Amino acid sequence: MSDIKTLYTAHVHVTGGREGAARSSDGRLDIALAVPGSPGAGTNPEQLFAAGWSACFEGAMAIAAKGKGMTLPTGLAIDAEVDLCHGEDGYSLAARLNVSVPGVELEVARQLIEAAHRTCPYSKAIKGNIDAVVRLV
């Protein structure tokens, strides 16, 4: 018997692939999609992944900070980089999070980042599946 409880399910309808559109069932997401580097309007899956992972990661950092009896500084920032790669095995991704935690002692910031990387659902999903690096900057 599993103790996993689904907290939320996102429903997104995509048409046209990388040159199409994506719309969530609640209408909060309604965007055009474009091939990376193309002149067309719209975002791409790599940008969406970068935004999703970094937002989730910051939430995981906040939980870790709360566990230490502290709050994250308002200046905390995460710069995400997601590469679309192509090699002998076809297409793949590589990703990096560059985390800035101003005003927090270096060792404490590292501990928060390590805890978040262990608990963030996105970090868990990509672990061992893509080349991913999280670093304190």
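Because the structure is a prediction, the values reported are computed rather than measured. (Residues numbered from 1 in each chain as written. Predicted model: local features only at pLDDT ≥ 70, side-chain atom pairs only at ≥ 80, totals over all residues. Heavy atoms only, no water.)

**Digging into the packing of helix 1 (residues 45-67) against helix 2 (residues 106-119)**
Relative orientation of the contacting elements helix 1 and helix 2 amounts to 120°, with a least axis distance of 8 Å. Put simply, helix 1 runs oblique to helix 2. For the crossing formed where helix 1 meets helix 2, the hand is right-handed. Residues W53, F57, A60, M61, A64 and A65 of helix 1 pack against L112, I113, A115, A116, H117 and T119 of helix 2. A class-by-class count of the residues in the contact of helix 1 with helix 2 yields 10 nonpolar, 2 polar and no charged. (Axes fitted to C-alpha atoms, helices over the stretch in contact; angles between N-to-C directions. Helix = DSSP H or I, 4+ residues; strand = E, 2+ residues; numbered from the N terminus. Parallel < 35°, antiparallel > 145°, perpendicular 65-115°, else oblique. Left-handed = near helix turned anticlockwise from the far one by under 90°. Contact = heavy atoms within 4.5 Å. Nonpolar A, V, L, I, M, F, W, Y, C, P; charged D, E, K, R; others polar.)

**Looking at the sheet that holds strand 1 (residues 12-15)**
Taken together, the 3 strands give an open sheet; going across it, the order is 1-2-3, and neighbouring strands pair in antiparallel fashion. Of all the strands in the sheet, just strand 1 and strand 3 (30-32) have a single pairing partner and so form its edges. The average angle at which neighbouring strand axes cross in this sheet is 10°, direction not considered. Sheet topology note: the strand 1/strand 2 (residues 21-24) ladder contains 4 bridges and is antiparallel. In the strand pairing of strand 2, V12 is matched with S24. (Pairing = 2+ DSSP bridges.)

**Thoughts on the environment of I126**
Residue placement: I126 occurs in helix 3 (residues 121-126). Here I126 falls in the buried class, since its relative accessible area comes to 7%. Along the chain, I126 and L93 lie 33 residues apart, while their C-alpha atoms are 9.7 Å from each other. Contact partners of I126, with chain neighbours within four places excluded, come to F49, W53 and A132. (Buried < 20%, exposed > 50% of the residue type's maximum accessible area, 1.4 Å probe, protein only.)

**Examining the state of the cysteines**
Such a bond, covalent and formed between the sulfur atoms of two cysteines, is termed a disulfide. Per the stated rule, a full pass over the model turns up 0 disulfides. Of all cysteine sulfurs, the one in C120 lies closest to C56, which takes part in no disulfide; the gap is 3.4 Å. Accessibility expressed as a relative area gives 21% for C56, which makes it partly exposed. Its sulfur unpaired, C85 is 20 Å from the next cysteine sulfur, which belongs to C120. (Disulfide = S-S within 2.5 Å.)

**Comments concerning the side chain of S54**
Relative to the helices and strands, S54 is located in helix 1. Since its relative accessible area comes to 12%, S54 is described here as buried. At 2.6 Å, the side chain of S54 forms a polar contact with the backbone oxygen of A50. Not counting the four nearest positions on each side in its chain, S54 is found in contact with I78, A80 and L97. (Polar contact = N/O pair within 3.5 Å; in protein donor to acceptor, adjacent residues only side chain to side chain.)

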